[in-house]
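Summary of structural features
Residues per chain are reported as follows:
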Amino acid sequence: MNNTERPMPPLDADERSVLEGWLDFHRATLARKCEGLDDTQAATATVAPSELTLTGLVQHMAEVERTWFRRILAAEELATTHTEQARTDGTDGGFELAEHATLHDALNTWRTEVEHARRSCREHSLTDTGDLGGQHVNLRWIYVHMIEEYARHNGHADLLRERLDGTTGI
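In what follows, the accompanying structure is described. (Residues numbered from 1 in each chain as written. Predicted model: local features only at pLDDT ≥ 70, side-chain atom pairs only at ≥ 80, totals over all residues. Heavy atoms only, no water.)

Quick word on the packing of aromatic side chains
Defined as follows: Stacked, edge-to-face and tilted labels apply to pairs of Phe, Tyr and Trp rings (six-membered ring for Trp) whose centres lie within 6.5 Å, assigned for plane angles under 30 degrees, over 60, and everything in between, in that order. We count a stretch as a helix when DSSP gives it H or I for four or more residues in a row; a strand needs E for two or more, and each element gets its number in order from the N terminus. Here's how the labels work: a residue is buried when its accessible area is under 20% of the maximum for its type, exposed when over 50%, partly exposed in between, all with a 1.4 Å probe on protein chains only.
In total, this model carries 3 aromatic pairs according to the counting rule given. With a centroid separation of 5.4 Å and 40° between ring planes, the pair formed by tryptophan 68 and tryptophan 141 is classed as tilted. You can see tryptophan 68 sitting in helix H3 (residues 54–73) and its partner tryptophan 141 sitting in helix H5 (residues 139–165), a full 73 residues away along the chain. For tryptophan 68, a relative accessible area of 9% translates into the label buried. Look at tryptophan 141 and you get partly exposed, because its relative accessible area is 44%.

Following this line, the structure appears as structure tokens:
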């Protein structure tokens, strides 16, 4: 199982390297939580009454990557990745599964967004800002937010995976 390398974040490095290291650690953790699952398993909600699934989490994180690094930081005007329409409740969406959604497709979209995010970040300093509803938000803040976003959802992924097949600690 565990084909996804999960590099340890640097212990003694500059701020940017530490932030990027932790973000990549959490990105790899999400990918590892999905390894070895088929589409049916990954689309199964296992913690009632929640309808949350691993495929939905991956779709959501693709949307989160797209929103923060491309829409906000790089000011790109983009459609949503997995939902028919933009959310009006302030969330990034993506949790809902389309009828023929697959884990494979969700992971491919997510990986594409991660690569876009990395390219965008290489073009910006930690103090560069994007527009968040008329307020400035810098890349440093976005990195910290993304680390906490992944950490929170990786906790959800832990519970979902354990209920699916008993796998823990990946």
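Still to come is the rest of the account.
A short note on unusual backbone geometry
Looking along the chain, the bond that leaves alanine 48 and enters proline 49 is cis, with omega of 5°. Its identity as a non-glycine residue notwithstanding, alanine 75 has a phi of 55°, on the positive side. With respect to the helices, strands and loops of the structure, alanine 75 is situated in the loop between H3 and helix H4 (103–122).

Details of the nonpolar core
Note on soluble globular proteins: their nonpolar side chains tend to be buried together. Our working definition: By convention a nonpolar core is built from buried Ala, Val, Leu, Ile, Met, Phe, Trp, Tyr and Cys residues, the set being connected through side-chain atoms within 4.5 Å. Throughout, a contact is declared for two residues whenever any of their heavy atoms are within 4.5 Å.
Ranked by internal contacts, the top residues of the largest apolar core, which has 35 residues, are Phe69, Trp110, Ile142 and Met146. Where this core is concerned, the elements lending two or more residues are helix H1 (15–34), H3, H4 and H5. Top contributing element to this core by residue count: H3, with 10 residues. Setting aside residues up to four positions removed in sequence, phenylalanine 69 forms contacts with Leu23, Arg27, Ala74, Ala117, Ser120, Cys121, Leu139, Ile142, Tyr143 and Met146.

Some thoughts on the packing of H3 against H4
Just so we agree on the cut-off: For helices, the fitted line uses only the C-alpha atoms of the stretch in contact; every axis is such a line through C-alpha atoms, and the angle between N-to-C directions lies from 0 to 180 degrees. Orientation labels follow simple angle bins: below 35 degrees gives roughly parallel, above 145 gives roughly antiparallel, 65 to 115 gives roughly perpendicular, and whatever is left gives oblique. Each helix crossing is assigned a hand: it is left-handed if the near helix lies turned anticlockwise from the far helix by less than a right angle, otherwise right-handed if that turn is clockwise. Classification convention: Asp, Glu, Lys, Arg as charged; Ala, Val, Leu, Ile, Met, Phe, Trp, Tyr, Cys, Pro as nonpolar; all other residues, Gly among them, as polar.
At a minimum axis distance of 8 Å, the contact between H3 and H4 shows a crossing angle of 25°. In terms of axis orientation, H3 runs roughly parallel to H4. Relative to H4, the crossing made by H3 is left-handed. Contacts between H3 and H4 involve Thr55, Val58, Gln59, Met61, Ala62, Glu65, Arg66, Phe69, Arg70 and Leu73 from the former and Leu103, Ala106, Leu107, Thr109, Trp110, Glu113, Val114, His116, Ala117, Ser120 and Cys121 from the latter. In terms of residue class, the contact of H3 with H4 is built from 12 nonpolar, 5 polar and 4 charged.

Quick notes on the pairing of strand S1 (residues 129–132)
Stated formally: We treat two strands as partners when DSSP finds at least two bridges between them.
Relative to strand S2 (residues 135–138), S1 runs antiparallel, the two being bridged by 4 bridges. By the bridge assignment for S2, threonine 129 is matched with asparagine 138. Hairpin connection between S1 and S2: a loop of 2 residues separates the two successive antiparallel strands, and glycine 133 in this loop has a positive phi of roughly 60°.

Looking at the environment of threonine 81
Assignment of secondary structure puts threonine 81 in the loop between H3 and H4. On the accessibility criterion, threonine 81 (21% relative accessible area) is partly exposed. Residue contacts for threonine 81: discarding those within four places in its chain leaves Gln59, Ala62, Glu63, Arg66, Thr109 and Glu113.

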